[in-house]
Amino acid sequence: MSDFTKASEYENLFDPRLYLETYFHLGSGSLADDFLRFTLSNFHKAFTSGSVKGTTLIDIGTAPSIYQLLSACEYFEDITVTWYTTRELQELQKWINKDPGAFDWSSVVKHVCELEGKSGMLKKKEKKLREKIKQVLQCDVSKNNPLAKMQEADCLISTVCLEAACRNQDSYKTALKNLSTLLKPEGHLLMAGDLGANYYEVGSNKVFSLSVNEAFLRNVVSESGYCVRELVSFGKPEDAGYENSDYEGFYFIHAQKC
């Protein structure tokens, strides 16, 4: 088995639009409701704290999602979005281009606007994010330089990406070290994802996820050249009846390049 997930596995089996329709209508009752509220709240807190500053931000593993950038676009002028394969980037590009068939993110955007005390400003928020996205690029976290000829950024974001890309703990550490080449000294790393998940379902397909826990995350981030500033988690509710993933909870990490 390869240390990293092959692009063909996503190109052939992962339907980005079905993934969005399944998990990203906030309030629909999917397991992502809890994840979105937890993650969006922590991104909001991280940016409004005033400690995460700069001009340039790179999102590792964006496509086909935008939720993780809705708070960031208020604080960074130059955002680069990335993914490993073309289908996901094409789905994201539909939203950037305001294509008629683009996924409707309004339920998520509405929630972030409410967190920011800006209810009713959905269109303005979406317009701002579109304007701040300057590049859409392919990224390979298995490479020493995941984005060729890219200047170091002030901040990196990565949500539910490395758990999909990395097949074991060693490759997860390799990926984090590779990503550090994209970050300025003392630059900020913000990550969120699932705890204890081995898979999640998209349609009839079970999509691989590397199972991680808090101890592993704290150690691997520290050993990969970052200083952990905060690690928070949210456990799976006891009454949760979700059967499309075996996750145990969620995590959010704020670290800085040492």
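To start, this report covers the structure provided alongside it. (Residues numbered from 1 in each chain as written. Predicted model: local features only at pLDDT ≥ 70, side-chain atom pairs only at ≥ 80, totals over all residues. Heavy atoms only, no water.)

## Some words on the pattern of salt bridges
Applied cut-off: Counted as salt bridges are all cases of a side-chain nitrogen of Lys or Arg within 4 Å of a carboxyl oxygen of Asp or Glu. Secondary structure follows DSSP: runs of H or I at least 4 residues long count as helices, runs of E at least 2 residues long count as strands, and numbering of each begins at the N terminus. Only protein chains enter the accessibility calculation, which uses a 1.4 Å probe; a residue whose area is less than 20% of its type maximum is buried, one above 50% is exposed, and one in between is partly exposed.
The tally for this structure, following the rule as stated, stands at 13 salt bridges. The salt bridge involving Lys118 is made with Glu74; its shortest N-O contact spans 3.6 Å. With Lys118 in the loop between α5 (106–115) and α6 (122–132) and Glu74 in the loop between β1 (56–60) and β2 (78–83), this pair connects stretches of sequence that are 44 residues apart. Judged by its relative accessible area of 31%, Lys118 falls in the partly exposed class. The class for Glu74 is partly exposed, based on a relative accessible area of 22%. If you follow the salt bridges from partner to partner, you end up with Glu74, Glu116, Lys118, Lys125 and Lys128 in one network.

## As for the nonpolar core
Definition in use: The definition of a nonpolar core used throughout is a set of buried Ala, Val, Leu, Ile, Met, Phe, Trp, Tyr and Cys residues joined through side-chain atoms within 4.5 Å. Contacts: residue pairs with any heavy atoms within 4.5 Å of one another.
Membership of the largest hydrophobic core comes to 55 residues, with the highest contact counts inside it found for Phe24, Phe47, Leu57, Ile79, Trp105, Leu129 and Ile157. Not counting the four nearest positions on each side in its chain, Phe47 is found in contact with Val52, Leu57, Ser71, Ala72, Tyr75, Phe76, Ile157 and Leu190. Of all hydrophobic cores here, the second largest spans 33 residues; its members include Leu147, Leu162, Leu210 and Tyr226.

## Considerations on the state of the cysteines
Our working rule: Cysteine sulfurs are considered disulfide-paired once they come within 2.5 Å of each other.
Scanning the model with the defined rule gives 1 disulfide in all. The partner cysteine of Cys227 in its disulfide is Cys258, sulfur to sulfur 2.2 Å. Its S-S torsion of about 140 degrees marks the bond between Cys227 and Cys258 as right-handed, since a negative value means left-handed. A residue pair is termed long-range when its members are at least 10 positions apart, and Cys227 in strand β8 (residues 226–235) and Cys258 in the segment after β9 (249–257) qualify at 31 residues. Overall, Cys227 belongs to the partly exposed group, its relative accessible area being 39%. We classify Cys258 as exposed; its relative accessible area is 57%. Cys113 provides the cysteine sulfur closest to Cys73, a residue in no disulfide bond, and the two sulfurs are 8.9 Å apart.

Shape descriptors only; they carry no functional weight alone.
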